[in-house]
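Here is what each chain is made of, one letter per residue.
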There are 2 protein chains.
Amino acid sequence: MNDITPATRRAFLKALTAASGLISLREASAQSDAEKAHARAMELLKPGSEKIAILIYPSFTALDAIGPQHMLAGMTGASVKFIAATAEPVKTDSGYFITPQLTFDQCPEQLDLLLIPGGTTGTIQAMEDNKVLDFVTLAASRSKRIGSVCTGSLILGAAGLLKGKRATSHWQTLDLLKIAGATPVAQRIVRDQNVITGAGVTAGIDLALDLVREYRGDFYAQGVQLLAEYDPQPHFAKSGNAATAPKEVVDLLNHMHAGFMAKWGEKLQNVIHRR
Amino acid sequence: MNDITPATRRAFLKALTAASGLISLREASAQSDAEKAHARAMELLKPGSEKIAILIYPSFTALDAIGPQHMLAGMTGASVKFIAATAEPVKTDSGYFITPQLTFDQCPEQLDLLLIPGGTTGTIQAMEDNKVLDFVTLAASRSKRIGSVCTGSLILGAAGLLKGKRATSHWQTLDLLKIAGATPVAQRIVRDQNVITGAGVTAGIDLALDLVREYRGDFYAQGVQLLAEYDPQPHFAKSGNAATAPKEVVDLLNHMHAGFMAKWGEKLQNVIHRR
């Protein structure tokens, strides 16, 4: 459920109107409580106007994008849109398609946030695609903040936007950030001036909730969190972090992706050198 | 990154072949380690053949579906597809579209799992849609297991599939399960025979990882978890659960949705009575 939306707000106001009839029958103290709750609710539901675009490109990882999209879209009045080179549906790395809501040409003049999800082969291609890099560079120059989830950091890096910045990425690609002139930081969320980066895939949820907290305050962010029932309970508490997961799981994944990481580094080097 | 896929497997085998050249230069003990790692990797990457369909319908909540989709699709060889009434792109509750990969008519004869995401108004509509309920009933009769995330439970309930079962749902809709003849259980994941239900939105990720663990074992599940860097770190550790979140946040959300829950209950009652 993702329902702090204009429709919900209307429903809520309707419910409040209905409730006010009941409230008048109760004692004054209860009424005062209800009034306080009402005032609080009005404060909470006050629409904002954040403009957020989430880049999507062929073979991006959908969860990198939709985790944060869900949380950010919980901000009443915010515009949270998927943006792509063209209006055509974009294939995810699982083979299904998501339709962008904006094309590069339709990007708002100034964004509060441009967020870039990651992927694998698709992200390498996006990293080498001048149309993508030109858009990211231009939009970033007009955005209050830029951000990434997972290997989306490498697109930011390819566009030269991580130079001199502290940043994070999917744990297997952290070291590659150095090629882009960044200082890798093995944290779930890293902020440095106008740049916010998240670790692998699911870190996008934590990153987005942290932004909701910043944009709308603690109370609002907790409302969004509770609506999404974000009370994570992974069966293996330590296996989602390379620093605490069983060594043989870490080793295997590193072994699996060694060739891939080498290719990624080489490509990133080429792009950085060229631009 | 969601890359335990056939392509990754090929890349992995290629990397292994390349690595074997290096290994031959090292001492025997290292070679033996590499061989063990190889054997382990082959065991890990052995493709399975689980057939999983995730129902999508107008105004479903994308994260309910894509959280589990991502984790389940980490199982090499598994077929994890979005299924809808027609092949048309399906609008999510955030206004963008996701294209289904199967139509009801194309549903595999026997599924390992039929999973149903939730939503708000869209879920009420799906719950009253005979085409959806007929499909769910038929597919469930042929599926080894049925499941839901968030309010998707109410579609299972409307189809009569939760009768006599222990089940969970989005915390605000838990009590509604009684209308469907179920015993509500306030847990993140609830299993009862062939039924697995998850709590609100993000619980789908935990649910799916638990299924990966069951289908492929602990080691594999930890690999999928680590690839998704699922090491959740919500800023507010207690605010994602109604039992531990600040009371005023819980109260406000309950106040906001009181009318909605009443409507939902009434509609569910009608459907159950009719079928």
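Remember, it's a predicted structure, so these values are computed and weren't measured experimentally. (Residues numbered from 1 in each chain as written. Chains lettered and ligands numbered in written order. Predicted model: local features only at pLDDT ≥ 70, side-chain atom pairs only at ≥ 80, totals over all residues. Heavy atoms only, no water.)

J.: Got a sec to walk through the interface of chain A and chain B? Specific residues and values, please.
T.: Between chain A and chain B, the contact holds 84 residues from the first and 84 residues from the second. Surface buried jointly by chain A and chain B totals about 7,100 Å² across both partners, of which 65% is contributed by carbon and sulfur atoms. Applying the counting criterion to the chain A and chain B interface returns 0 salt bridges. At the surface where chain A touches chain B, the tally comes to 34 residue pairs in polar contact (both at pLDDT 80 or more). Broken down by element, the side of chain A that touches chain B gets its largest block of residues, 10 residues, from helix α9 (residues 247–274) of chain A. Grouping the constituent residues of the side of chain A that touches chain B by class yields 44 nonpolar, 28 polar and 12 charged. (Contact = heavy atoms within 4.5 Å. Buried area = accessible area lost by both parts, 1.4 Å probe. Salt bridge = Lys/Arg side-chain N within 4 Å of Asp/Glu carboxyl O. Polar contact = N/O pair within 3.5 Å; in protein donor to acceptor, adjacent residues only side chain to side chain. Helix = DSSP H or I, 4+ residues; strand = E, 2+ residues; numbered from the N terminus. Nonpolar A, V, L, I, M, F, W, Y, C, P; charged D, E, K, R; others polar.)

J.: Can you tell me about the sheet that holds strand β1 (residues 51–55) of chain B, naming the residues and giving the values?
T.: Sheet strands pair by backbone hydrogen bonding; their relative direction is either parallel or antiparallel. All names here are of chain B. The strand order across the open sheet built from 7 strands is β5-β2-β1-β6-β7-β11-β10, with neighbouring strands paired in mixed fashion. The open sheet is flanked by β5 (102–103) and β10 (189–192), the only strands paired with a single partner. As paired strands, β10 and strand β11 (residues 195–198) are joined by 4 bridges and run antiparallel to one another. Note that in β11 the partner of I189 across the bridge is G198. Of the strands in this sheet, β1, β2 (79–84), β6 (113–116) and β7 (146–148) touch helix α5 (residues 130–142), which is tilted by about 150° from β6. (Pairing = 2+ DSSP bridges. Axes fitted to C-alpha atoms, helices over the stretch in contact; angles between N-to-C directions.)

J.: For the packing of aromatic side chains, give the residues involved together with the corresponding values.
T.: Within a pair of aromatic rings, the relevant descriptors are the distance that separates the centres and the angle that separates the planes. Counted according to the given criterion, the structure contains 8 aromatic pairs over all chains. Ring plane angle 80° and centroid distance 4.7 Å describe the contact between Y96(A) and F82(B), whose orientation is recorded as edge-to-face. You can see Y96(A) sitting in the loop between β3 (90–91) and β4 (97–98) and its partner F82(B) sitting in strand β2, one on each of two chains. Seen from their ring centres, F260(A) and W264(A) are 5.2 Å apart, and the 85° between their planes marks the pair as edge-to-face. Of the two residues, F260(A) and W264(A) are both situated in helix α9; the distance of 4 residues between them amounts to about one turn of the helix. (Phe/Tyr/Trp six-rings, centres within 6.5 Å; stacked < 30°, edge-to-face > 60°.)

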